[in-house]
2 protein chains.
Amino acid sequence: MTTLEEDLEDAAAAPQQVGVVHPGLRRARAWLSRAVEPGTVDLWRFVADVGPVEAVRRLRAGSAPPGIRSLVGARAEGDATLADLRRAERCGARLLVPEDDEWPAYRLHALTVAVAEEPVHRRDQTDRTRALVPPLALWVRGAARLDELAERSVAVVGARASSAYGEHVAGELGHQLGERGWTVVSGGAFGIDGAAHRGALAAGAPTVAVLSCGVDRPYPAGNGALFHRIAEDGLLVSEWPPGCAPLRHRFLVRNRLIAGLTRGTVVVEAAARSGAQATAHRAQKLGRPVMVVPGPVTSALSVGCHELLRDEKVGAVLVTTAAQVVEAVGRIGEDLAPPLERPDSPRDGLSDVAVRVLDACPVRMGVSPERLARSAGCDVLDVLRVLPALELAGLVEWTGRGWRLAPPPKPPGAAP
Amino acid sequence: MTTLEEDLEDAAAAPQQVGVVHPGLRRARAWLSRAVEPGTVDLWRFVADVGPVEAVRRLRAGSAPPGIRSLVGARAEGDATLADLRRAERCGARLLVPEDDEWPAYRLHALTVAVAEEPVHRRDQTDRTRALVPPLALWVRGAARLDELAERSVAVVGARASSAYGEHVAGELGHQLGERGWTVVSGGAFGIDGAAHRGALAAGAPTVAVLSCGVDRPYPAGNGALFHRIAEDGLLVSEWPPGCAPLRHRFLVRNRLIAGLTRGTVVVEAAARSGAQATAHRAQKLGRPVMVVPGPVTSALSVGCHELLRDEKVGAVLVTTAAQVVEAVGRIGEDLAPPLERPDSPRDGLSDVAVRVLDACPVRMGVSPERLARSAGCDVLDVLRVLPALELAGLVEWTGRGWRLAPPPKPPGAAP
């Protein structure tokens, strides 16, 4: 068993090979994923500047700048990398690093752009729970490739304490997005998240749960069977190493990844001050479409949804169907939502005079064209001009003594 | 009893007096209101050009242009003006004409602007059910002044076959708008219209029902008691003379008045192809705010609402409360909706390190600052710096042996 320091030295000395990730480099990122809370602008910059291997060596040796050292603090001393990697392997997980081919670089590019815009001084930077910082590494559990699943993916997020309405809609959306070949990404929580994942799985489609705890002990435990199925058909993804607990602040930090990995975010139910709203704001800042499913205004679980729809800065789009979601995130020209079906009426396309004559016709007793003209407010000649068309359309009929409305058509299959 | 022709001659010869409407002029407009279906661009222009008295004289004498004569057709022969005016008087109604002080000229000005934009040739003009044409006269039943009620008014419209949800929301909106001193204008129909009227009346506020039939026999008969109360506290308004039936095409023609008389239109529930959507489109064309109450996406009765909200051309605003409605139609700076109340959390305003230390604190057994530093990923000095603030906020406590989370505060009034 080589020590972390030996592995790092090896990695530093080895020539870089395209498509091959040195074990020491992967171990360096594994170490960082435990030592550093994700979403820390300065630490991400430090790693980007000196490289992950050198970053870990300096942090271990105490030669990193003081501002960086304080971000790691007491965690600098420990090294659980081999245990973490072994633990991951045991549950069918792996550590994905930006140097891997499978890294969803294209999707996550928006985070790299966003972090570049953060100010130099820490006191001016965005709070860590809201800062848009790329992940240093991702623990991934499941057989699918993350880059492929993320390429055509939509986030569906919402309340944990959701209503039957919200779960129904989330399940339908998940199912229909899955059927259309879109990956549903969510947070694996109770309520909307779970319903969206389940809908996708029911359609036989892979789905991705982005967690704020270790992929070996996904939280909440009550979703255990669901996580098992997701790991089989899709992916469990986390920035935190195996065994990590889902601490409260981590949920907010995690939300930027749900927004960042997907082409757009759909909020199904969200209370007034909710994580789903936070995810929607991350998506908006990343330039991704924010879509919102409305609900009854009497429901506290839709207050956050309606706030998003009223907020002009967010520019959220109201969606009611998966087709409308796909239209919002799909490629222009493809994936257009079909117009909603409307009931057709034989009155459509009638002239103003024809409509007035039609409305003047009685239901029972037939009346003369002269009487119709008087009721409709037009010339008798006008009445005589429009009556044939109304009769052809099956709207009026001649009783032998006058004109009246035709009875409505019988439904197909009715007795004659 | 003077004949119509004598009265017209008198009116034509009489000098115009400000604030005084000659009986012959009112009789001319009464005649027009029965002879002409409202919303007819060319007839409105003819009356505007030659004046109502001369317009009626020429139509009666057969000397009006043929295109105008054909719009009146067989109705030119009849004269029910005295009977209509008497019938109105019997039910407490009157004929309001543009020459009256009470005419809501300021509100209806947008219709005058809109009709001026209609093309010259009839074949190019907007269909009569959609044309924005000012009314030639209004039959008004009730003691209130229409101009005063219309000045601070909002239309609340929606489906007839509404759901309990829609009726609840419409009733609440009507009530709260009434309480705030706004007049609710609607169509007097079953469902949303009726609920909105009833809500306003329950708040002791006047409300206006704009009908597509005579004000002496308001339709539907099932709303008879409601119409009676509206006539007592508010107004029943119609372009059609007493006794007229609510023919189908008249509903659409009427809708422009609901939009035109008000500062904005709120749609509560609307199916995919509905009169409420039509009213919203009229309001938008008149430059008045269109407001829409969303509903469950599973409800066919909210499909039209969500279509309006998705239609960028309409530019509809999602509203969930009367305060938001008033904000949209009220004067800038006044009538701002208060921000929705949000639950406050003692975590608000905590620094990143403080949140991490807080999340690292166990529920039961107290732990040392060193252990907290390791869990939170920061220096022990940082932990010692933030602990006093967390303790002051009542979030953590010292057990004598270590730090743990403080129990949540007891609700007021709970046993000690």
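All chains use their own residue numbering, which begins from 1 and follows the written sequence. For naming, the first written chain is A and the first written ligand is 1, with later ones following in the order written. Owing to the predicted nature of the model, reporting of local features is limited to residues with pLDDT of at least 70; listing and counting of side-chain atom pairs is limited to 80 or more, with chain, interface and lining totals taken over all residues.

Thoughts on the overall build of chain A
The helix and strand labels rest on DSSP assignments: H or I over at least four residues marks a helix, E over at least two residues marks a strand, and numbering proceeds from the N terminus. Each helix and strand counted, chain A has 18 helices and 11 strands in total. In this treatment the radius of gyration is a C-alpha quantity, and the globule benchmark scales as 2.2 Å times the residue count to the 0.38 power. Relative to its length of 416 residues, chain A is extended, with a C-alpha radius of gyration of 31 Å against a globular reference of 22 Å. Here the C-alpha coordinates of chain A stretch approximately 105 × 45 × 40 Å along the principal axes. Remark: C-beta atoms are placed from the backbone, and a residue is labelled buried if 20 or more other C-beta atoms sit within 10 Å of its own, exposed if 12 or fewer do, or partly exposed between those counts. Buried residues in chain A amount to 54% of all 416 residues. Once local pairs closer than 6 in sequence are excluded, the contacts in chain A between residues at least 24 apart make up 71%. Note on contacts: each residue gets a C-beta atom placed from the backbone, and two residues are in contact if those atoms are within 7 Å.

Looking at the environment of Ala-283 of chain A
Residues and elements named next belong to chain A. Structurally, the position occupied by Ala-283 is in helix H13 (residues 275-285). Taking the number of C-beta atoms within 10 Å as the measure of exposure, Ala-283 has 29 and is therefore buried. Once residues within four sequence positions are removed from consideration, Ala-283 is found in contact with Ala-259, Gly-264, Thr-265, Arg-288 and Val-290.

Considering the relation of the copies chain B and chain A
Expressed as a screw operation, the relation of chain B to chain A combines 0.0 Å of axial shift with a rotation of 180°, fitting to an RMSD of 0.1 Å. Both copies are brought into coincidence by an operation consistent with a two-fold rotation axis. Residues of chain B ranked by C-alpha distance from the rotation axis are headed by Gly-295 of chain B, positioned 2.4 Å from it. Here 98% of the interface residues in chain B have copies in chain A that are interface residues too; the copies meet face to matching face. Residues reaching a pLDDT of at least 70 in both copies supply the C-alpha atoms on which the copies are superposed by least squares.

Things to note about the interface of chain B and chain A
Contact residues are listed per partner, giving 46 residues for chain B and 45 residues for chain A. For the side of chain B that touches chain A, the secondary structure elements donating two or more residues are helix H5 (66-72), helix H9 (164-179), helix H12 (248-261), helix H14 (303-310), helix H16 (352-360), helix H17 (369-376) and helix H18 (380-392) of chain B. Here the side of chain B that touches chain A gets five residues from one element, more than from any other, and that element is H14 of chain B. Across the side of chain B that touches chain A, the residue classes tally to 21 nonpolar, nine polar and 16 charged. Polarity classes work like this: nonpolar for Ala, Val, Leu, Ile, Met, Phe, Trp, Tyr, Cys and Pro, charged for Asp, Glu, Lys and Arg, and polar for all others, with Gly in that last group.

Comments concerning the sheet that holds strand S5 (residues 207-211) of chain A
Each strand in a sheet pairs with another by means of backbone hydrogen bonds, the pair being arranged parallel or else antiparallel. All names here are of chain A. Pairing between strands requires that DSSP locate at least two bridges from one strand to the other. Pairing is mixed across the open sheet formed by nine strands, whose spatial order is S1-S2-S6-S5-S4-S3-S7-S8-S9. Of all strands in the sheet, those bounded by a partner on one side alone are strand S1 (93-96) and strand S9 (317-318). Pairing of strand S4 (residues 183-186) with S5, which is carried by three bridges, proceeds in the parallel orientation. Pairing of Val-184 across the sheet is with Thr-207, part of S5. Along the sheet, helix H14 (residues 303-310) contacts strand S7 (265-267), strand S8 (290-292) and S9; its crossing angle with S8, the most-contacted strand, is approximately 130°. Angles run from 0 to 180 degrees between N-to-C directions of axes, and those axes are lines fitted to C-alpha atoms, restricted for helices to the stretch in contact.

Focus: the pairing of S5 of chain A
Residue and element names in this part refer to chain A. With five of its five residues buried, S5 lies for the most part within the structure. Neither face of S5 is open: one carries Thr-207, Ala-209 and Leu-211, the other Val-208 and Val-210, and all of them are buried. When the strands point away from the viewer, a crossover counts as right-handed if the path from the first strand over the helix to the second runs clockwise. For the crossover that starts at S4, traverses helix H10 (residues 192-202) and ends in the parallel S5, the hand is right-handed. At this point the chain moves from S5, through helix H11 (residues 224-233), to the parallel strand S6 (residues 235-238), and the crossover so formed is right-handed.

A look at the sheet that holds strand S8 (residues 290-292) of chain B
Residue and element names in this part refer to chain B. The strand order S1-S2-S6-S5-S4-S3-S7-S8-S9 describes an open sheet built from nine strands, whose pairing is mixed. Either end of the sheet is taken by a strand with one partner, and the two such strands are strand S1 (93-96) and strand S9 (317-318). As defined by bridge partners, S8 adjoins S9 across two bridges and the pair is classed as parallel. Each residue of the ladder has a partner; that of Val-292, found in S9, is Leu-318. Relative to strand S3 (residues 153-157), H9 is tilted by about 170°, and along the sheet it contacts S3, strand S4 (183-186) and strand S7 (265-267).

Things to note about the confidence of the model for chain A
The pLDDT value tells you how sure the predictor is about a given residue, anywhere from 0 up to 100. For chain A, mean pLDDT is 91; residues scoring 70 or higher make up 94% of the total. Across the assembled chains, the prediction reports ipTM 0.80 with pTM 0.82.

Quick word on helix H6 (residues 81-90) of chain A
Residue and element names in this part refer to chain A. Here H6 has its buried residues at Thr-81, Asp-84, Leu-85 and Ala-88. Burial along H6 is one-sided: seen end-on, the buried residues are contained in an arc of 95°. Every exposed residue of H6 that faces more than 90 degrees away from the buried side is listed here: Arg-86 and Arg-90. The arc refers to the directions leading from the helix axis to the C-beta atoms.

Quick word on unusual backbone geometry
Put simply, Tyr-219 of chain A and Pro-220 of chain A share a cis peptide bond, and its omega is -5°. Tracing the chain through its elements places Pro-220 of chain A in the loop between S5 and H11.

Digging into the pairing of strand S3 (residues 153-157) of chain A
Residue and element names in this part refer to chain A. Most of S3 sits out of view: five of its five residues are buried. The alternating pattern of S3 places Ser-153, Ala-155 and Val-157 and Val-154 and Val-156 on opposite faces, both of which are buried. Bridge count between S3 and S4: three bridges; the pairing is parallel. Looking at the pairing, Ala-155 lines up with Val-185 of S4. Between S3 and its parallel partner S4, the chain crosses via helix H9 (residues 164-179), and the hand of that crossover is right-handed.

Structural notes on the packing of H16 of chain B against H17 of chain B
All names here are of chain B. Between H16 and H17, the least distance of the axes is 9 Å, while the angle of their chain directions is 110°. Judged by the angle between their axes, H16 and H17 are roughly perpendicular. In this structure, H16 crosses over H17, and the sense of that crossing is right-handed. Between H16 and H17, the residues in contact are Arg-356, Val-357 and Ala-360 and Leu-372, Ser-375 and Ala-376, respectively. A breakdown of the residues in the contact of H16 with H17 according to their chemical character gives four nonpolar, one polar and one charged. For classification purposes, an angle smaller than 35 degrees is called roughly parallel, one larger than 145 roughly antiparallel, one from 65 to 115 roughly perpendicular, and anything else oblique. Handedness of a crossing is defined here by the sense of rotation of the near helix relative to the far one, left-handed for an anticlockwise turn of less than a right angle and right-handed for a clockwise turn.

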